[in-house]
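# Topology and contacts: notes
Given next are the chains, with one letter for each unit.
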Amino acid sequence: MKKWKYVIVAIVGILFAVIYSFRTAEIYDNNIDSTLYTNVGELTEGSKVSQQFTCTQNGLNSLELTMSNLGQECEAEYAWTLTETESEKVVAKGEFTAGEVDNSKNMVLKLSELEESKGKQYVLTIETESIKSEHGVTVMTTDRSLNEDGKLSINGKESSQVLVMKEQMKYFNTETFIVLLGLIAYLVFLITFLNRLFK
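## Quick look at the overall build of the chain
Helix and strand counts for the chain come out as two helices and 14 strands. Counting all 199 residues of the chain, 40% fall into the buried class. Pairs at least 24 apart in sequence give 81% of the contacts found in the chain among residues at least 6 apart. Summing over all exposed atoms, the chain offers an accessible surface of approximately 12,300 Å²; the carbon and sulfur share of this is 54%.

## With respect to a negative patch on the surface
Taken together, the side chains of Glu75, Glu77, Glu95, Glu127 and Glu129 present a region of like negative charge at the surface. Looking at the element boundaries, Glu129 is found in strand E9 (residues 121-130). In this structure Glu129 comes out as partly exposed when scored by relative accessible area, which is 40%.

## Some words on the sheet that holds strand E3 (residues 48-54)
Within the open sheet, the six strands sit side by side as E7-E6-E9-E3-E11-E12. Their pairing is antiparallel. The open sheet terminates on both sides in strands that have one partner only, identified here as strand E7 (89-97) and strand E12 (157-159). On average, each strand axis in the sheet is inclined to that of its neighbour by 20°, with strand direction left out of account. Two elements, strand E6 (residues 77-84) and E7, share eight bridges in a ladder whose sense is antiparallel. Across the sheet, residue Leu82 finds its bridge partner in E7, namely Ala92.

## Brief notes about the nonpolar core
Ranked by size, the top nonpolar core spans 39 residues in total, and within it Tyr78, Trp80, Leu82, Phe96, Leu124 and Ile126 carry the most contacts. For Trp80, the contacting residues outside a window of four places in its chain are Ala92, Lys93, Gly94, Glu95, Phe96, Leu109, Lys110, Leu111, Leu124, Thr125 and Ile126.

## Observations concerning unusual backbone geometry
Residues other than glycine seldom take positive phi values, yet Glu88 does so here, at roughly 60°. Residue placement: Glu88 occurs in the loop between E6 and E7.

## Focus: the pairing of E3
Of all the seven residues making up E3, five are buried; the element is thus mostly covered by neighbouring parts of the structure. Strand direction decides the pairing type here: E3 and E9, joined by seven bridges, are antiparallel. Directly across from Phe53, in E9, lies its bridge partner Tyr122.

## Some thoughts on the side chain of Ser117
Within the secondary structure, Ser117 sits in the loop between strand E8 (107-114) and E9. A distance of 3.3 Å separates a polar atom in the side chain of Ser117 from the backbone nitrogen of Leu60. A distance of 3.2 Å separates the side chain of Ser117 from the backbone oxygen of Leu114, its partner in a polar contact. Once you skip the residues sitting within four places of it in the chain, Ser117 turns out to touch Cys55, Gln57, Asn58, Gly59, Leu60 and Tyr122.

## Here we look at helix H2 (residues 174-197)
Given a rise of 1.5 Å per residue, 24 residues ought to cover 34 Å, and the 34 Å separating the end C-alpha atoms of H2 matches this to within 8%. When we look at burial in H2, the residues that qualify are Phe177, Leu180, Ile184 and Thr192.

Scoring rules and cut-offs
Residues numbered from 1 in each chain as written. Predicted model: local features only at pLDDT ≥ 70, side-chain atom pairs only at ≥ 80, totals over all residues. Heavy atoms only, no water. Helix = DSSP H or I, 4+ residues; strand = E, 2+ residues; numbered from the N terminus. Buried < 20%, exposed > 50% of the residue type's maximum accessible area, 1.4 Å probe, protein only. Contact = heavy atoms within 4.5 Å. Areas by Shrake-Rupley, 256 points an atom, 1.4 Å probe, with all protein chains shown as cover. Patch = residues over 30% accessible without salt bridge, like charges linked within 9 Å, V, L, I, M, F, W, Y side chains within 5 Å. Salt bridge = Lys/Arg side-chain N within 4 Å of Asp/Glu carboxyl O. Lys, Arg positive; Asp, Glu negative; His and termini not counted. Charge placed at Lys NZ, Arg CZ, Asp CG, Glu CD. Pairing = 2+ DSSP bridges. Axes fitted to C-alpha atoms, helices over the stretch in contact; angles between N-to-C directions. Core = buried A, V, L, I, M, F, W, Y, C linked by side-chain atoms within 4.5 Å. Polar contact = N/O pair within 3.5 Å; in protein donor to acceptor, adjacent residues only side chain to side chain. Expected span 1.5 Å × (residues − 1).

This is the structure in structure tokens:
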């Protein structure tokens, strides 16, 4: 019975380490205080925002943006596309409404997994399709100093900022996995040792 307990603990520990070894990557400096974020301005009729970035790992499956809904009952509609720069191929596209933008959490743009995305340059473009109310939404930005490759264009004009955006991918971080596995093994050993010591 004791052996089975150790096996179960080992399996749970490995699963825990695996789950926490999948990572996201920011295209911005995440050390900057969020209170210092600015934005691209209200996305009104005809607005267009384009963010260039280079994917850090394979398996890109979504993009997470910090956005803000500027009107409580906004009926604006937006379209987005993700284009691979080299081939000029649109690899993903979608739509969302202002009502889907929740100020309390980030907006996630989901796409079919891009297995060979590491090192490739992409451009995310967001355009206003229609707006039937006084206010729309905006996308938050921050300093671009740590990402010179991340060119941001707002209505055709280049900005010195970068979108507050994260890449989400099935990226297995081996280093994190080994460290977590080591910590779990140490805790199991320590608990076992203490149990034997105070029996």
